[in-house]
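# Close look at the chain arrangement
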Amino acid sequence: MAGNCLRAFRSAGVPKEVLGVGGCRTFSAGSGKAKKGSKGAADAPKESTLSKEVKSTTVVGANILKDGADPKILPDSEYPEWLSHLLDKRPALSELRRKDLETLPYEDLKRFVKLDNRARIKENNSIKAKN
């Protein structure tokens, strides 16, 4: 469709300078395809240019704003309490199976049902795949 418009303007005698288009569309020049197995300086791990002090006081890479800065790490008292519970280890399925289901807290019981269903589905899928 755009090509038809350009042809119409060209046939009307409008110069290319007015239209602001060049002769043909080209792609950017690339360095070519990288050779397989080439071990160059690009594969080597790069050393960080940030100091250890900056790394320990800021969350490097957490900025999503164009003109913003990386956020500072605050003391633990500044964060909500539920955030620290995200790091707590939750029991595995084998550990939950060893416990009595009647005495499990609601959250652990929910986790047991979820993990048990997942394990049964995987087992059924592997049996079906063998047949």
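Up top you'll find the structure we're talking about.
Residues numbered from 1 in each chain as written. Predicted model: local features only at pLDDT ≥ 70, side-chain atom pairs only at ≥ 80, totals over all residues. Heavy atoms only, no water.

Next up on the list: the side chain of R111. Take R111: it is sitting in helix 6 (residues 106–130). Although R111 lies buried, it forms no salt bridge, and the closest oppositely charged side chain, D108, sits 6.2 Å away as judged by the N-O distance. Those residues within four positions of R111 in sequence are excluded, and the remaining contacts are R90, P91 and L96. (Helix = DSSP H or I, 4+ residues; strand = E, 2+ residues; numbered from the N terminus. Buried < 20%, exposed > 50% of the residue type's maximum accessible area, 1.4 Å probe, protein only. Lys, Arg positive; Asp, Glu negative; His and termini not counted. Salt bridge = Lys/Arg side-chain N within 4 Å of Asp/Glu carboxyl O. Contact = heavy atoms within 4.5 Å.)

Glancing now at the pattern of salt bridges. Enumeration according to the criterion identifies four salt bridges in this entry. Between D116 and R97 there is a salt bridge, and its shortest N-O distance comes to 2.9 Å. Pair noted here: D116 is in helix 6 and R97 is in helix 5 (residues 93–98), with a separation of 19 residues, a long-range link. D116 sits in the buried class, given a relative accessible area of 18%. D116 is paired through a salt bridge with R120; the nearest N and O atoms lie 3.7 Å apart.

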